[in-house]
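Below are the chains, spelled out letter by letter.
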Amino acid sequence: MHHPDHFLPYGRQTITEDDITTVVEVLRSPFLTQGPAVPAFEKALATKVGAVHGVAVNSATSALHIACLALGLGPGDRLWTSPITFVASANCGRYCGADIDFVDIDPETGLMSVKALAAKLELAERESILPKVVVPVHLCGTSCEMASIAALADRYGFHVLEDASHAIGGRYQGEPVGSCSYSAITVFSFHPVKIITTGEGGLATTNNRHLAQRMAELRSHGITKDVHRFERKAAGPWSYEQQHLGFNYRMTDLQGALGLSQLQRLDEIIAERNRQWQIYRELLSMLPLQLLAVPEDVMSSLHLAVIRFADPRPEQHRRVFDELRAAGIGVQVHYTPVHLQPYYRTLGFSEGDFPEAEFYASNAISLPIFPGLQEDEQGRVVNILTKHL
Ligand SMILES: *Cc1c(COP(=O)(O)O)cnc(C)c1O
C-alpha cells in the first residue's frame, strides 16, 4: 500500500528474507569476525568484477585510506580528485599527510574532466608538482573515461585509484568497474544508501599481489602471520609479527555474509535502476530539465538520478528543491564541492577555483532512485517538478 504522502528518500537499501537468514546463520556460528564469510565475500566480489584480489574493510573511507598508504602516498606528495564527490575521496590523502588538489568536472557528465586533467598535469610537470595519486570518482555509478586517464597516468607517472563507491555493477567499454584494467586499485562502498550494503563496509580490488597483501596487513594492525622474517629463536606457532603501523579496519563476518547475499542480486538491482532512469527520461522529456549524461561506452549502475535545469536561474534551484522536500520527496544535492567545505577552505581553497563544479552544484538535484521505487511514485516526483518549474 502506498500512502500518497509517504516520504520518498533519494535512495535506500533493500533487505530480503534470504539476507536475514544468512546473517542469522553467522550469529549462530562460532565466528562473528575473522571467520569464513569475509574471505568468501572478497572472492565472490573480486570474481564478479574480474579482479584478482579483493580486500574487505569496515568502510570505503578505510579502503581509500589503506589504498593510499599501499600506493606509498605520504607527506609532501599530492593527491588529486574531483571536487564533485563525497569528502572521503579527498580526506584519504589528508590522512596520509599528502596535499590535496582538485580537477574540475565535465559539465555534461559531472565526472572529472580529462581535458582539465591533461591541462593541469602539463602545468604541474613544468612546476614539478605532479600528483602521486589521482582518484577519479565514478559519480552516480557512471565510469570516468578510464582509458584516457590511464594514458595520462603512464605519461606522467601517477597511480590511479578509482573511487567506485557508487559504481558496483557498472561497466566501462564492456568491462566491469573494479576490474582494475586502468587503475592500481578500485574501491567500493557498502553503506546502506549505496548499490548493495553490508551495513557499513568497503572493499578494494586490485590485480597486484603486493598491493593486496599490503592492504590486508594495514587493515589489521600491520600484523602478518607470515613469520619468515621473524629472527628470534622464540618463533613458534603462536608467533605473529607487526611489520608496520596498521589499523583495525576489519569487516565482521556478519557484514561479509550480508554482502555475499546482497551480491547475488546485483545484476537485478542494476537492471531495475536502469529501468527507473529510463522512466525518468521519458517523464522528464517535456520539461526544461536534463538528466546527467551517461556516455555511450558506459553502463552506469545509476546510484543517483541527477537532474539539472536546462535554463538555470539563480533562485529556481533552491525553490524547486524546497518544494520537492515540502512534498515529502527526499531530494539531495550530490555534492557541495569539496573545496568549498570549511575544512578545505582552511587549506587555501575558495569560490571560483573550480567553476564548472560550482556551477553544477548550484544547478543539480538528485531524485529518488532505488530498488522497489514504483512508477507511480516517479510520476508523483515529476508532477511536483512540473508544477513548480
Ligand atoms: C559513500 C562514499 C564514500 C565513503 O563510503 P563509506 O563506505 O561511507 O566510507 C566515498 N566516496 C564516495 C564517492 C561515496 O559516495
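This section reports on the structure supplied with the text.

A short note on the overall build of the protein
Item 1. If you tally the helices and strands in the protein, you get 13 helices and 17 strands.
Item 2. Relative to the 2.2 N^0.38 estimate, which gives 21 Å for 389 residues, the radius of gyration of the protein is 22 Å and therefore close to what a compact globule would have.
Item 3. Each principal axis of the C-alpha atoms in the protein carries an extent, and together these give about 80 × 60 × 40 Å.
Item 4. Considering the protein as a whole, with its 389 residues, one finds that 54% of them fall into the buried category.
Item 5. Looking at the protein alone, contacts between residues at least 24 apart form 72% of all its contacts between residues at least 6 apart.
Item 6. With an accessible surface of roughly 17400 Å², the protein has 53% of that area assigned to carbon and sulfur atoms.
Item 7. Averaging the locations of the 33 positively and 43 negatively charged side chains of the protein gives two centres separated by 5 Å.

A few points about the environment of P295
Item 1. Positionally, P295 belongs in the loop between strand 13 (289-291) and strand 14 (298-299).
Item 2. Assessed through its relative accessible area of 28%, P295 is described here as partly exposed.
Item 3. The spacing of P295 and S285 is ten residues in sequence and 18 Å in space, taken between C-alpha atoms.
Item 4. Residues in contact with P295, not counting those within four places in the same chain, are T109 and T142.

Digging into the pattern of salt bridges
Item 1. Tallied over the entire structure, the rule returns nine salt bridges.
Item 2. Where K120 meets D101, a salt bridge forms, and the shortest distance between an N and an O atom there is 3.0 Å. Of this pair, K120 sits in helix 5 (residues 114-126) while D101 sits in strand 4 (residues 99-102), and the two are 19 residues apart along the sequence.

Some thoughts on the site of the ligand
Item 1. Surrounding the ligand, one finds 16 residues, the nearest of these being T61, D163, H166, S189 and K194.
Item 2. The contact in question runs from an oxygen atom of the ligand to an N or O atom on the side chain of H166, over 2.7 Å.
Item 3. One nitrogen or oxygen atom from the side chain of Y335 is found 3.2 Å from an oxygen atom belonging to the ligand.
Item 4. In isolation the ligand has 380 Å² of accessible area, and contact with the protein removes 93% of it.
Item 5. Put simply, the parts of the chain that give the shell around the ligand at least two residues each are helix 3 (60-70) and helix 4 (88-95).
Item 6. Grouping the amino acids of the shell around the ligand by side-chain chemistry returns five nonpolar, nine polar and two charged.

Considering the sheet that holds strand 13
Strand pairing in a sheet relies on backbone hydrogen bonds, with the paired strands running either antiparallel or parallel.
Item 1. With antiparallel pairing, three strands are arranged side by side in an open sheet as 13-15-17. Among the strands making up the open sheet, the edge pair consists of strand 13 and strand 17 (364-367). Neighbour-to-neighbour, the strand axes of this sheet turn through a mean angle of 35 degrees, independent of strand direction.
Item 2. Here strand 13 runs beside strand 15 (residues 305-309); their pairing, made up of three bridges, is antiparallel. Residue pairing across strands places L289 opposite F309, the latter belonging to strand 15.
Item 3. Contacts between helix 9 (residues 266-284) and the sheet are confined to strand 13, strand 15 and strand 17, with strand 13 contributing the most and set at about 160 degrees to the helix.

What about the sheet that holds strand 7 (residues 171-172)?
Item 1. Read across the open sheet, the three strands follow the order 8-7-14; overall the sheet is antiparallel. The open sheet terminates on both sides in strands that have one partner only, identified here as strand 8 (175-176) and strand 14.
Item 2. The pairing of strand 7 with strand 8 spans two bridges and is antiparallel. Bridge assignment links R171 to a residue of strand 8, and that residue is P176.

Details of helix 5
Item 1. With 13 residues, helix 5 should cover 18 Å at 1.5 Å per step; its first-to-last C-alpha distance of 19 Å lies within 8% of that length.
Item 2. On its buried side, helix 5 packs onto strand 3 (78-81) and helix 6 (146-156).
Item 3. The opening residue of helix 5, the one whose side-chain oxygen lies 3.3 Å from the backbone nitrogen of K115, is S113.
Item 4. One or two steps after helix 5, the chain reaches S128, where phi turns positive at roughly 55 degrees.

Details of the packing of helix 10 (residues 314-326) against helix 13 (residues 375-388)
Item 1. Direction vectors running N to C along helix 10 and helix 13 enclose 140 degrees, while the axes themselves pass 10 Å from each other. By the criterion of interaxial angle, the relationship of helix 10 to helix 13 is oblique. Classified by chirality, the crossing of helix 13 by helix 10 is right-handed. In this structure, helix 10 uses R319, V320, E323 and L324 to contact helix 13, whose residues at the interface are V381, I384, L385 and H388.
Item 2. Looking at the contact of helix 10 with helix 13 residue by residue, the classes come out as five nonpolar, one polar and two charged.

Describing the packing of helix 1 (residues 17-27) against helix 8 (residues 253-263)
Axis angle and axis distance: for two packed helices, these are the angle between their axes and the distance between the axes, and together they describe the pair.
Item 1. It is the contact of helix 1 with helix 8, at a shortest axis distance of 9 Å, that shows an interaxial angle of 150 degrees. In terms of orientation, helix 1 lies roughly antiparallel with respect to helix 8. For the crossing formed where helix 1 meets helix 8, the hand is right-handed. Here helix 1 contributes D18, D19, T22, V23, V26 and L27 to the contact with helix 8, which in turn contributes D253, L254, A257, L258, S261 and Q262.
Item 2. Residues belonging to the contact of helix 1 with helix 8 are distributed by class as follows: six nonpolar, three polar and three charged.

The rules we used
- Residues numbered from 1 in each chain as written.
- Predicted model: local features only at pLDDT ≥ 70, side-chain atom pairs only at ≥ 80, totals over all residues.
- Heavy atoms only, no water.
- Helix = DSSP H or I, 4+ residues; strand = E, 2+ residues; numbered from the N terminus.
- Rg over C-alpha atoms; globule rule 2.2 N^0.38 Å.
- Buried < 20%, exposed > 50% of the residue type's maximum accessible area, 1.4 Å probe, protein only.
- Contact = heavy atoms within 4.5 Å.
- Areas by Shrake-Rupley, 256 points an atom, 1.4 Å probe, with all protein chains shown as cover.
- Lys, Arg positive; Asp, Glu negative; His and termini not counted.
- Charge placed at Lys NZ, Arg CZ, Asp CG, Glu CD.
- Salt bridge = Lys/Arg side-chain N within 4 Å of Asp/Glu carboxyl O.
- Near = heavy atom within 4 Å.
- Polar contact = N/O pair within 3.5 Å; in protein donor to acceptor, adjacent residues only side chain to side chain.
- Nonpolar A, V, L, I, M, F, W, Y, C, P; charged D, E, K, R; others polar.
- Pairing = 2+ DSSP bridges.
- Axes fitted to C-alpha atoms, helices over the stretch in contact; angles between N-to-C directions.
- Expected span 1.5 Å × (residues − 1).
- Parallel < 35°, antiparallel > 145°, perpendicular 65-115°, else oblique.
- Left-handed = near helix turned anticlockwise from the far one by under 90°.

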